[in-house]
Every structure is written in C-alpha cells, then in structure tokens.
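# Examination of the molecular architecture
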Amino acid sequence: MYQGNPDREQHNAEKPPPSSAGGAQETIIVVGQEGQVKQPQLERRKGKLASKFPLVNISRNLLLAYQSLGVVYGDLSISPLYVYRSIFAGKLQDYQTQEAIFGAFSLIFWTITLIPLLKYVFVVLSADDNGEGGTFALYSLLCRHAKFSLLPNQQAADEELSAYKYGFAGQSTSSLALKRFLEKHKKSRTILLIVVLVGACMVIGDGILTPAMSVISSMSGIKAAAEHLSHGEVLLLSCLILVGLFALQHSGTHRVGFLFAPIVIIWLISIFGIGLYNIIFWNPKIVSGLSPYYIIKFFRETRKHGWMSLGGVLLSVAGTEAMFADLGHFTACSMRIAFSFLVYPCLVVQYMGQAAFLSKNIASIPNSFYNSIPDSVYWPVFVIATLASIVGSQSIITATFSIVKQLNALGCFPRVKIVHTSRNVKGQIYIPEINWILMILTLSVAVGFQDTILIGNAYGLACMTGMFITTFLITLVMIFVWQRNIALATCFLLFFWFIEGVYLSSAFTKIPQGGWVSLVLAFVFLFVMFVWHYGTRKKYNFDLHNKVPLKWLLGMGPSLGIVRVPGIGLVYSELATGVPSIFSHFVTNLPAFHSVLVFLCVKSVPVPYVSPEERFLIGRICPRPYRMYRCIVRYGYKDIQRDDGDFEDLLIQSIAEFIQMEAVEPQCSSSETPSFDGRMAVISKKTVQSTSTLIVSEDFGMSDSIQSSKSLTLQSLRSAYADENLQMRRRRVRFQLPENPGMDPAVRDELQDLIQAKEAGVAYIMGHSYVKARRSSSFLKKFVVDIGYSFLRKNCRGPSVVLNIPQISLIEVGMIYHV
C-alpha cells in the first residue's frame, strides 16, 4: 500500500490557476492483493533471466530463432540482389577493376561486422523496454528515468506500475547535471521528441521504399533470362506483385507466417551454396579481401568517387533496424542466435562469392547476382529470390503498422482503425488506412523511378538516418538508464557516429539522384505527427486550465441544480484530474442528468504493457451523495484495446469494490483530506472477480431490457441494435446486493443506487470539439491549428470509433477550444 506524491502529478503540464482547479490534489492508494500486483514483475524478471541465460530455456530460444528468420531477417537477407550494382553505379564505373572489387567486398564485410553484429547484436538488443524494442521503446525508457516526456497527462500513480520501474535505480553523479539540464529546458525535450519522430518517419519511409526496391530487384532476374520481355512488362509484373502484397495484409501475417521462415532459410542456404561455389570455382584468393588493407587501397585509388559509392555499400545493412524494432515478438537471445549462426555467415559467404565471380567477369556488374548463379539452378533460385523479396517487404510493412500504433498511443499520430489479426500474438495488427497509403506511395515510387539505383539512394538514406538516430538514443540510455560513465557512452557515440556519419554523408550526396524522396516523405510524416501532437497538447492544456471548480459543484448540491434521472452517464475526458469544462455545458443547458456519473479517462502510459491487475484507477468526485466517480483506464503503447463486451460490468464491479473498500480503508475515508477529488485506488481485476462486493448473475436474452423501456421508438432501436450485436443478446450480467447485516447503511444505499442505475442503462457522453487558434496568435500557429490540425481531425477516425463506444448509447456535445 502506498500514497502517491501529489507534487509530482502533472509535472509535464503547465500548472492551472488555483481557482479553476478548486484546490484539488491527488492521492493514489493501492489496496490489497500486493502479491498479485508484484506477480507480473516477477514473471518479467524470470523472462529476463531466461533471456540472459539461454540454457534455462534453450528449446524456446531455438524455436523463436527459427521464427525470427521469417519476420526479422527477410529484408536484410535479400540485400545481395542489388548491393554490388549500386556500388559500381555512377562515377565508379570508371574503376571497375579486380582491386576495386576486392575493396568493395572488404567494405561490405566490415560494415556487416561492425553495425549489425557489433552494434546491434551485442549492444542495441540489450536496450529493451520490458522485452520491447524500437525507437519508442528507447524513448519510453528515457521518459521514465528522466522528465523528458511532453505528454501532459502523466501521474504519480503511473510510476508505481510494475512495468514502470525497469532498469537501474538511482542516478550517477556524472549524469545528474546533464539530466537536470535537459529536464529544465523545454526546447531540449522538444528536440528529443522531434529526433524520435524523425526516426519513426524513416521507418515508415522504409515501409514505402523496401517493397519497391526488393520486388523490382528480384524481378530483374526474369528480364535477364527472358530477354524478349520489355522493361515496361517487367515493371507491370512488379506492380501486380506489389498490389497483391498489400491486398493480402488484411488477412494478417499469422495466416501466412508459417511460410516465411522456411522461405528465408532456403534462401539463405541457397545464397550460401552459390557463394561457396563461386569462391571455389572463380577466385579463391577473394578470402584475402577480409583484410581492411583492401579498404585503404580502394579509397586510395577511387578517392572522392569511392566515398560517394558508400551509399551502395550501406544497402548491405539495410533492414538491420528491424532486428531491434521487432524485438518484442522474440527474445534478444533468439535473435542473436539466428543472426550470428545463420544470417551473418551466409551473407558474408554470398558477398565473397559475388566478388569472386565479378573479379573474373567485370562486365556482369549491372546484374551481378543473377549472372553469378549457375545455369542449372537459375530458375529455382529466381523463384526463391522472388518469394524472399516478398517476405522482406512483409516484415517492414508489419513494422510500419507497429510504429504507427505506438505513435497513435502516445498522441503523435491521428486516430486510425487498428485491426488485431491474431488473438494470441499481440503485435500482429493491420491498419487499413496506412496499408492503402503505403501501397499508393510504393507504386508511385516504383513507377516514377523504375530503377533500383535511384530507389536504393533513397532507401539507403532512410536506413542510415534511422541507425544514426538509434546510436544517439542508445547513448542516452547508457547514461540515464544503464548508469554508465559519460566518457564511455561518448566513446560509443563517437565511434559509431564516425562510421555511420561517413555513410550518411555519402548518402546525402545522392539526394539529387533519388535521395530526395526520403527527405520529402520524412518531412510530410513529421509535419503530420508534430501538428497532431501539438494540437493534442494544446487542447489538453486548455481543458487543464478551464476545469470546473469543485466549489461550484459543491455549491449546487447533490442534485447539481437539475433533475437526476435513473442511469449511468460515462463522461469521457482526457483529464486525469478535475472535472472537464464540457461538463458545465451539460449542467447549464440540460434539464436532467443521470443519477450516477463516472468521469472516464482512457490514457496511454510510457510502458509497453499494463497488466489487467493495474489497469483501473477508481476514485470519487465530491461527497458520497453526489454519486460522482472517476475511472482512469491505463494502457501501454503496445496494449490491445479490445472490445470484450464486459467493460461496463467490470467498471460497475470496480466502483462497487471501491465503495466497499473506502468504508474500511482509513486512507480513503480520512476526514483530514480537504478535497473530495483526486483520491484514487488501484482496483485489481482479480480482486474484483475473487472477492466481489456484488452478486453477479448472467441472463441470456435481451427481451426484458428491451421491453422495460417506455418509448416504443427506443424499444425498436434497441431491438435492432441487439440483432446486430448477438454477443449482447447472448449474455447480459445482472447485479444483486448480498445479504450482509453488518454493512454500513450508507454504503448499502450507494451500492443499491449503483445497481439500479446500471439496470436503467448506460449512456456514453463525449465532447465533439473544435479547436481554433486565438485571434492574437501568430500566423504560423493559426496555420498549424486552424488548417493543419483541423484537417487531420476531420479526416481521421472519431474517438468513439477508436474507443469502441456503441453508437446506440452515444451522446455528443459540441465545444470550441480557443488555444
């Protein structure tokens, strides 16, 4: 049991005026079942121990390593299709010699060794957030160990989640000054958010460029074998494959996932065998290219043109970021096994074999991979290459869906429809709007460029920018989360920034030759994300500064100056404390309101998952006769907000449990507390189910509830709604109050009122807001709010759709926000 510190609440938001807050303070109490609350943390520790010591669960890690081949490494595995062709494009065509090929192979080998193997496998995969990876996993870790977040609705209670305290405790003196500096200056926190959003934009850019790059590269093989086919016919075939790829997304990756790993394994074995054959048959001396001496010779001979060709070399590590982004589906140990023992050696041998072939066949550079395949196995390898390219495209598309969901959860992306395609695997989702936008943009890139060299320039720039940002965020994690010495973290930053900076500078030289596509895509998505986040934050701050004063509500009495009719009113609000200003519109304009009011706040917290035992925070607003409660429902940025159909019943049980607990817990009923708002308690779902205050019975059929309505029109509407929602027809929960002579009469009356209100019906009340900039605002702010944010709000999913609110019970009220 703990009591939260009210001084830490709303530390990221501007403090509202005392008059509007009504003097409310927040007190958070966790009641009972302490062992249940700590159980998820114990399970995570066991999982972490198993990931560090693979012998504890080696069979599971081997199975996950097998599965990761089809989900994670498809994009990285197909890079031999186009790397050498991209390196020797442009000015480097004048340096197509055996020494230059040896140098190119040496560059590829050391790039794969230093970035994917050394940086990602041994360092980055360790920077997980409760098993989750990706740019936002790093950002959430940083926000939990320092006050870097710009999200305004964080509470002290969020810090008590079992998934929140993950990492090292305390703070080293060497990083304390840097931490205070970043926390003090809002501009530094804004820059950090922009950096994270740019990294997310690059992932989305990969989702657009990867399918076009991989499919067109794989289809170039059919043109080499069937010379009678024109370039337009091959492009048309590539576009048909791309349309089919995106059209299959709605079925979910779980239905075709069993095909992915075998395809990638066969592909890796095939390129390993072809590479080994080419080494032995064409030029065994290529093994000497492993020496970095050939890199020096390469740049000594090619000079500036060799540096510009690094944009093609970095394509050999394109797709590496997926190793970290998809960490939540697997374990770090399983991904290390898959890469170190299969992917890495197969790629090295393939690149070595291609170099051996090209050293004796210089003219084959434009189509190096397919020309290096022996004739006897050409068509089987071509089929496998095409399938592997589709698998590689699938992985980055799925990663794009995941990153958009995280952006949406953290208030950085407009609301979209998220379809969960698997009941067992949480990360398998499908977003229709994003899928079709990706398809249109991918087809536009494929038709517009029609050349893998130009697409590769944009592709390489997006990939390396994402890696560059990951290196920066990992350095911050080393300092603030891992508590490493700043000097050690700086050495890591400088070493990899030097390597990646050289590649990135080379990629920037390709901006006129196609690289501009990545910048344009990143700018568009960044503008959308930042405008949405800015508008959402301004809207929240408006609500925060214009909360209904509790003194005003208390002065109106328990009836609120209007008629209280039977029923429960669920008032949705983004505020975690206080009464939103929209409620005053109801009280002053409506003649009646529900007898029980619940102010419901659905919020995201900077953790990947919130366990069901910690999801609900229940509290009271105003004294007991007012029958006004607050419920905060917390989700992690990777949680699934399913419409299970039992939300209302679980909410009623949780409130009943809070009422009963409040009567016996002195922390909740203390008369010394000056405010009636903000006293919250974590109500465990297991506690509700095991020690429920109410008697729960199930009634199958809805005839009683339909006929209980006096309005014939409402009866017909509910009947039609029941026909469309068979789940509601099949199952209806009824509550009864148990016989308990020792129960406080006031508690019994309150519970009885709650049951009667539930039987009368539940109405969902939500504001339909219009956000406008003040007249005194600058032109830029008016453009962002009045045009950009308003356009996004009008063309995205409504909040009622995202929150799965039944339309038959929805009440919306309009309100204008002048921010």
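Small disclaimer: the values here were computed from a predicted structure and weren't measured. (Residues numbered from 1 in each chain as written. Predicted model: local features only at pLDDT ≥ 70, side-chain atom pairs only at ≥ 80, totals over all residues. Heavy atoms only, no water.)

### Observations regarding the overall build of the protein chain
Counting its regular elements, the protein chain contains 33 helices and 12 strands. Across the 819 residues that make up the protein chain, the buried fraction comes to 58%. The long-range fraction of contacts in the protein chain, counting pairs at least 24 apart against all pairs at least 6 apart in sequence, stands at 85%. Summed over its atoms, the accessible surface of the protein chain is roughly 33500 Å², and 62% of this surface lies on carbon and sulfur atoms. (Helix = DSSP H or I, 4+ residues; strand = E, 2+ residues; numbered from the N terminus. Buried < 20%, exposed > 50% of the residue type's maximum accessible area, 1.4 Å probe, protein only. Contact = heavy atoms within 4.5 Å. Areas by Shrake-Rupley, 256 points an atom, 1.4 Å probe, with all protein chains shown as cover.)

### As for the packing of aromatic side chains
Under the definition given, this model contains 31 aromatic pairs. With centroids separated by 6.1 Å and ring planes inclined at 35 degrees, the aromatic side chains of Tyr-73 and Phe-339 adopt a geometry described as tilted. With a gap of 266 residues between them, Tyr-73 in the loop between helix H3 (58-71) and helix H4 (74-77) and Phe-339 in helix H16 (residues 332-360) connect regions that are remote in the sequence. You can call Tyr-73 buried: its relative accessible area is 0%. Centre to centre, the rings of Tyr-370 and Phe-382 are 6.2 Å apart; their planes meet at 55 degrees, and the pair counts as tilted. With a gap of 12 residues between them, Tyr-370 in helix H17 (residues 368-371) and Phe-382 in helix H18 (residues 378-409) connect regions that are remote in the sequence. For the pair Tyr-370 and Phe-382, one class covers both residues: buried. Counting every residue linked through ring pairs, the aromatic cluster contains Trp-267, Phe-369, Tyr-370, Tyr-378, Trp-379 and Phe-382. Taking the ring centre of Tyr-817 as reference, the NZ or CZ of Lys-539 above it sits at 4.8 Å. (Phe/Tyr/Trp six-rings, centres within 6.5 Å; stacked < 30°, edge-to-face > 60°. Lys NZ or Arg CZ within 6 Å of the ring centre and 35° of its normal.)

### Observations concerning the packing of helix H10 (residues 231-247) against H18
Direction vectors running N to C along H10 and H18 enclose 45 degrees, while the axes themselves pass 11 Å from each other. Between H10 and H18, the angle falls in the class oblique. In terms of crossing hand, the pair formed by H10 and H18 is right-handed. Where H10 abuts H18, its residues Ile-241, Leu-245 and Phe-246 lie against Thr-386, Ile-390, Ser-393, Gln-394 and Ile-397. Counted by class, the contact of H10 with H18 contains five nonpolar, three polar and no charged residues. (Axes fitted to C-alpha atoms, helices over the stretch in contact; angles between N-to-C directions. Parallel < 35°, antiparallel > 145°, perpendicular 65-115°, else oblique. Left-handed = near helix turned anticlockwise from the far one by under 90°. Nonpolar A, V, L, I, M, F, W, Y, C, P; charged D, E, K, R; others polar.)

### Quick look at unusual backbone geometry
Residue Arg-303 is not a glycine yet carries a positive backbone phi of 55 degrees. As for its position among the elements, Arg-303 is in the loop between helix H12 (293-302) and helix H13 (304-308). We classify Arg-303 as exposed; its relative accessible area is 61%. Of note, the phi angle at Gln-483 is positive, near 60 degrees, even though the residue is not glycine. Position of Gln-483 among the secondary structure elements: in the loop between helix H20 (452-480) and helix H21 (486-508). By relative accessible area, which is 19% here, Gln-483 ends up buried.

### Focus on the packing of helix H6 (residues 98-121) against H20
Between two packed helices, what matters for the description is the angle formed by their axes and the separation of those axes. H20 packs onto H6 with a crossing angle of 30 degrees between their chain directions and a minimal axis gap of 12 Å. Between H6 and H20, the angle falls in the class roughly parallel. As H6 runs across H20, the sense of the crossing is left-handed. Contact residues: H6 offers Ile-115, Lys-119 and Tyr-120, while H20 offers Met-464, Met-467, Thr-470 and Thr-471. Classifying every residue of the contact of H6 with H20 gives four nonpolar, two polar and one charged.

### Things to note about the environment of Leu-504
On the secondary structure map, Leu-504 appears in helix H21. The buried category is assigned to Leu-504, whose relative accessible area is 10%. Residues Leu-504 and Ala-462 lie 42 residues apart in sequence; the distance between their C-alpha atoms is 9.4 Å. When near neighbours in sequence (up to four residues on either side) are disregarded, Leu-504 contacts Leu-461, Met-464, Thr-465 and Phe-468.

### Considerations on the confidence of the model for the protein chain
Looking at the protein chain, the pLDDT average stands at 79 and 80% of residues meet or exceed 70. Here residues 1-56 is modelled with pLDDT under 50, and outside its nearest four sequence neighbours on either side it reaches 108 contacts, counting other chains as well. In the predicted structure, residues 669-675 sits below a pLDDT of 50 and forms seven contacts with residues beyond four places in sequence or in another chain. (pLDDT = per-residue confidence, 0-100.)

### Some details on the pairing of strand S4 (residues 563-572)
Regular strands show a simple pattern: their side chains alternate between the two faces of the sheet. Along S4, seven of the 10 residues are buried, which leaves the element largely enclosed by surrounding structure. Relative to strand S5 (residues 592-605), S4 is paired through eight bridges, and the arrangement is parallel. The residue bridging Val-571 from the neighbouring strand is Phe-599, located in S5. The pairing of S4 with strand S11 (residues 762-772) spans four bridges and is parallel. Paired with Ile-568 across the two strands is Val-762, which belongs to S11. (Pairing = 2+ DSSP bridges.)

### Digging into the pattern of salt bridges
Throughout the structure, instances matching the rule amount to 12 salt bridges. Here Arg-627 makes a salt bridge to Asp-753, at a shortest N to O gap of 2.8 Å. Residue Arg-627 is located in the loop between strand S6 (616-621) and strand S7 (628-636), and its partner Asp-753 is located in helix H31 (residues 745-760); the two are separated by 126 residues in the primary sequence. For Lys-758, the salt bridge identified is with Asp-649, shortest N-O distance 3.6 Å. Here Lys-758 is found in helix H31, whereas its partner Asp-649 is found in helix H25 (residues 647-664), with 109 residues between them in sequence. Residues Lys-758 and Asp-649 agree in their burial class; the two are buried. (Salt bridge = Lys/Arg side-chain N within 4 Å of Asp/Glu carboxyl O.)

### Observations concerning the state of the cysteines
One pass over the structure, following the stated rule, counts zero disulfides. We note that Cys-631 lacks a disulfide partner, and the nearest cysteine sulfur, in Cys-601, lies 9.0 Å from it. Residue Cys-631 is classed as buried on the basis of its relative accessible area of 0%. (Disulfide = S-S within 2.5 Å.)

### What to know about the nonpolar core
Nonpolar side chains in soluble globular proteins tend to be buried together. Core analysis: the biggest nonpolar cluster contains 168 residues, and Tyr-73, Trp-267 and Phe-339 have the highest contact counts within it. If you tally residues by element for this core, the top one is helix H9 (residues 186-225), at 17 residues. Setting aside its immediate chain neighbours within four residues, Phe-339 contacts Tyr-73, Leu-76, Ile-112, Pro-116, Leu-117, Val-121, Met-323, Tyr-344 and Pro-345. (Core = buried A, V, L, I, M, F, W, Y, C linked by side-chain atoms within 4.5 Å.)

### Topic: the side chain of Gln-354
Locating Gln-354 in the fold gives a position in helix H16. There is a polar contact of 2.8 Å between the side chain of Gln-354 and the side chain of Ser-368. Beyond its immediate stretch of four places on either side in the chain, Gln-354 contacts Pro-80, Tyr-84, Ser-368, Phe-369 and Ser-372. (Polar contact = N/O pair within 3.5 Å; in protein donor to acceptor, adjacent residues only side chain to side chain.)

### Some remarks on a nonpolar patch on the surface
Among the surface-exposed residues, Trp-516, Val-520, Phe-523, Val-524, Phe-527, Phe-779, Leu-780, Phe-783 and Ile-787 lie close enough to one another that they form a single nonpolar patch of about 960 Å² accessible area. Where the nonpolar patch is concerned, the elements lending two or more residues are helix H22 (516-545) and helix H32 (779-794). Looking at where Trp-516 falls in the secondary structure, it is placed in helix H22. Using a relative accessible area of 41% as the deciding quantity, one classes Trp-516 as partly exposed. (Patch = residues over 30% accessible without salt bridge, like charges linked within 9 Å, V, L, I, M, F, W, Y side chains within 5 Å.)

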